[in-house]
Amino acid sequence: MEKDVDVLGKYRAVTNKLKKRFLKRPNVAEGIEQYSALAKGLKQQDCPQYAGFCCLAQARCEHTLVNAAGEAQALTSAARSFLDAELANREMKCPSFEEHLTAAINCFSHAIRVYIENNHISLAAALSIELGEALKNLNKPGEAMSHFQRAAELQSQSPLECLHSLGSVASCKVATKDYDGALAVLTEMAYLAQERGGSSTTGKPIGAYCDILARCEVTRVLLLMLLQPTPQRIRPEHAQTLEKYAWESTDDHATAQFLSEDLFLMMQSVVMACQSQDFISLRALQTELWPLLMGEQNELLFQIIKELTHPSGEGV
């Protein structure tokens with residue numbers, strides 16, 4: 001209680017200095033320094049929420065001085081402080097209305113807007129990703145999704161960064177069981193990687209783009225096995241994807257560019273086992289595929305086996 005009174009007294013002292021008085025202009029630059037020092041001290045005392053309020057006051061001062069860079073930086077510091085306060089509350093299992101998280105989201109959003117208005121698009125995208133990751137780590141993939149999507153839109157001129165953000169969107173959709181939405185995003189990613197990741201000489205995807213295409217290919221196949229769309233409902237591009245995994249297919253040269261032969265053959269076996277509902281073979285394949293797949297893909301394979309064994313209708 002004494003600490004709260006002391007902090008409030010220091011905050012008010014700085015604020016009073018900045019009030020307009022007759023024939024006397026407030027020293028805003030000095031106020032910025034004092035708010036910054038107060039915020040730093042409060043962080044060291046493990047009072048992140050109070051530090052956040054000081055950073056917000058600092059941001060207002062920076063706005064008064066028309067210093068966009070300083071304003072955005074102060075807003076970002078405030079957002080991170082409020083986020084720390086939310087994490088501390090959760091760690092101690094304190095009941096709350098998530099007011100610190102709401103404050104953090106508002107500060108991040110304001111900082112992103114300031115960066116966009118001043119044409120610092122890459123910084124705005126980085127903050128959108130940071131906010132998305134924070135929400136995802138707080139088990140809020142539905143809320144994180146929109147921020148990853150915004151980052152992808154801001155990164156439209158940087159293909160690799162855009163693909164990374166779209167990959168996070170797809171992961172959030174999988175986490176919220178929006179499998180159709182995840183399939184659409186992964187298909188968009190595959191087209192973008194093919195279009196923007198080609199070599200200048202061969203036109204074929206190279207480097208990191210091959211890894212992205214491999215992830216898209218495997219995850220799309222697993223999603224299709226989970227959704228089990230009927231021939232009337234399946235999209236032509238998805239039907240074309242599955243055709244490559246039919247035993248009689250010989251047109252696997254495009255896939256072989258970014259999938260290893262072992263992985264391709266095992267995914268082909270997964271497709272055939274799902275179509276014939278061969279649960280024993282599917283479980284055996286799960287053991288072999290486990291070290292070759294990402295965590296998200298392994299979870300999808302588990303859901304496929306679960307859905308085929310005990311249909312719930314959630315995958316459809």
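To be clear, the structure that these remarks concern was listed above.
The notes below deal with the structure included here. Only a predicted model underlies this, so the values are computations on that prediction, with no experimental measurement involved. (Residues numbered from 1 in each chain as written. Predicted model: local features only at pLDDT ≥ 70, side-chain atom pairs only at ≥ 80, totals over all residues. Heavy atoms only, no water.)

## Things to note about the overall build of the chain
Now for step 1: From N to C terminus, the chain includes 15 helices and zero strands.
Now for step 2: Counting over 316 residues, the chain shows a buried share of 46%.
Now for step 3: With the model as given, the accessible surface of the chain reaches about 17,400 Å², and the carbon-plus-sulfur share is 53%. (Helix = DSSP H or I, 4+ residues; strand = E, 2+ residues; numbered from the N terminus. Buried < 20%, exposed > 50% of the residue type's maximum accessible area, 1.4 Å probe, protein only. Areas by Shrake-Rupley, 256 points an atom, 1.4 Å probe, with all protein chains shown as cover.)

## Remarks on the packing of helix α9 (residues 179–196) against helix α10 (residues 208–227)
Now for step 1: At a closest axis distance of 9 Å, the pairing of α9 and α10 adopts a crossing angle of 150°. On the basis of the axis angle, α9 is roughly antiparallel to α10. At the point where α9 passes α10, the crossing takes the left-handed sense. Judged by residue contacts, Tyr-179, Asp-180, Ala-182, Leu-183, Leu-186, Thr-187, Met-189, Ala-190, Ala-193, Gln-194 and Arg-196 of α9 engage Tyr-209, Ile-212, Leu-213, Cys-216, Thr-219, Arg-220, Leu-223, Leu-224, Leu-226 and Leu-227 from α10.
Now for step 2: Looking at the contact of α9 with α10 residue by residue, the classes come out as 15 nonpolar, three polar and three charged. (Axes fitted to C-alpha atoms, helices over the stretch in contact; angles between N-to-C directions. Parallel < 35°, antiparallel > 145°, perpendicular 65-115°, else oblique. Left-handed = near helix turned anticlockwise from the far one by under 90°. Contact = heavy atoms within 4.5 Å. Nonpolar A, V, L, I, M, F, W, Y, C, P; charged D, E, K, R; others polar.)

## Structural notes on the nonpolar core
Now for step 1: One finds Met-189, Leu-259, Met-267, Leu-282, Leu-289 and Ile-304 to be the most contacted residues of the largest nonpolar core, which totals 89 residues.
Now for step 2: Ranked by the residues each element gives to this core, the list is headed by α10, at 14 residues.
Now for step 3: Counting residues in hydrophobic clusters, the runner-up holds five residues, among them Val-28, Ile-32, Tyr-35 and Ala-57. (Core = buried A, V, L, I, M, F, W, Y, C linked by side-chain atoms within 4.5 Å.)

## Some words on the pattern of salt bridges
Now for step 1: The final tally for this structure, using the stated rule, is eight salt bridges.
Now for step 2: The partner of Glu-98 in a salt bridge is Arg-90, and the shortest N-O contact between them spans 2.7 Å.
Now for step 3: When the shortest N-O distance is used, the salt bridge between Lys-140 and Glu-143 registers 3.9 Å.
Now for step 4: The class for Glu-143 is partly exposed, based on a relative accessible area of 40%.
Now for step 5: It is possible to trace a salt-bridge network through shared partners that takes in Glu-86, Arg-90, Glu-98, Lys-140 and Glu-143. (Salt bridge = Lys/Arg side-chain N within 4 Å of Asp/Glu carboxyl O.)

## Quick notes on the packing of aromatic side chains
Now for step 1: Evaluation of the coordinates by the stated rule reveals two aromatic pairs.
Now for step 2: Residues Phe-53 and Phe-82 carry aromatic rings whose centres are separated by 5.2 Å and whose planes lie at 80° to one another, so their mutual orientation is edge-to-face. Placement of the pair is Phe-53 in helix α3 (residues 48–64) and Phe-82 in helix α4 (residues 68–91), with a sequence separation of 29 residues.
Now for step 3: Residues Tyr-245 and Phe-264 carry aromatic rings whose centres are separated by 5.2 Å and whose planes lie at 35° to one another, so their mutual orientation is tilted. Here Tyr-245 is found in the loop between α11 (236–243) and α12 (253–256), whereas its partner Phe-264 is found in helix α13 (residues 261–275), with 19 residues between them in sequence. (Phe/Tyr/Trp six-rings, centres within 6.5 Å; stacked < 30°, edge-to-face > 60°.)

## Details of the side chain of His-147
Now for step 1: You can see His-147 is positioned in helix α7 (residues 141–154).
Now for step 2: Using a relative accessible area of 14% as the deciding quantity, one classes His-147 as buried.

## Observations regarding α13
Now for step 1: Over its 15 residues, α13 runs 21 Å from end to end, which matches the ideal 21 Å to within 8%, given 1.5 Å per residue.
Now for step 2: Taken together, the buried positions of α13 are Leu-263, Phe-264, Met-266, Met-267, Gln-268, Val-270, Val-271, Ala-273 and Cys-274.
Now for step 3: Gln-277 sits one or two positions beyond α13 and adopts a positive phi of about 55°. (Expected span 1.5 Å × (residues − 1).)

## Details of helix α15 (residues 295–309)
Now for step 1: With 15 residues, α15 ought to run about 21 Å at 1.5 Å a step, and its terminal C-alpha atoms sit 21 Å apart, in line with that.
Now for step 2: Glu-296, Gln-297, Asn-298, Leu-300, Leu-301, Gln-303, Ile-304, Ile-305, Glu-307 and Leu-308 are the residues of α15 that are buried.
Now for step 3: On its buried face, α15 sits against α8 (159–175), α9, α10, α13 and α14 (279–289).

## Here's the deal with the environment of Leu-289
Now for step 1: Within the element layout of this structure, Leu-289 appears in helix α14.
Now for step 2: For Leu-289, the residues in contact, after removing those within four places along its chain, are Leu-263, Met-266, Met-267, Val-270, Asn-298 and Leu-301.

## As for unusual backbone geometry
Now for step 1: Positive phi is not limited to glycine here, since Lys-177 has a value of about 65°.
Now for step 2: Here Lys-177 lies in the loop between α8 and α9.
Now for step 3: Residue Lys-177 is classed as partly exposed on the basis of its relative accessible area of 43%.
Now for step 4: Although it is not a glycine, Gln-277 sits at a positive phi angle of roughly 55°.
Now for step 5: Structurally, Gln-277 is set in the loop between α13 and α14.

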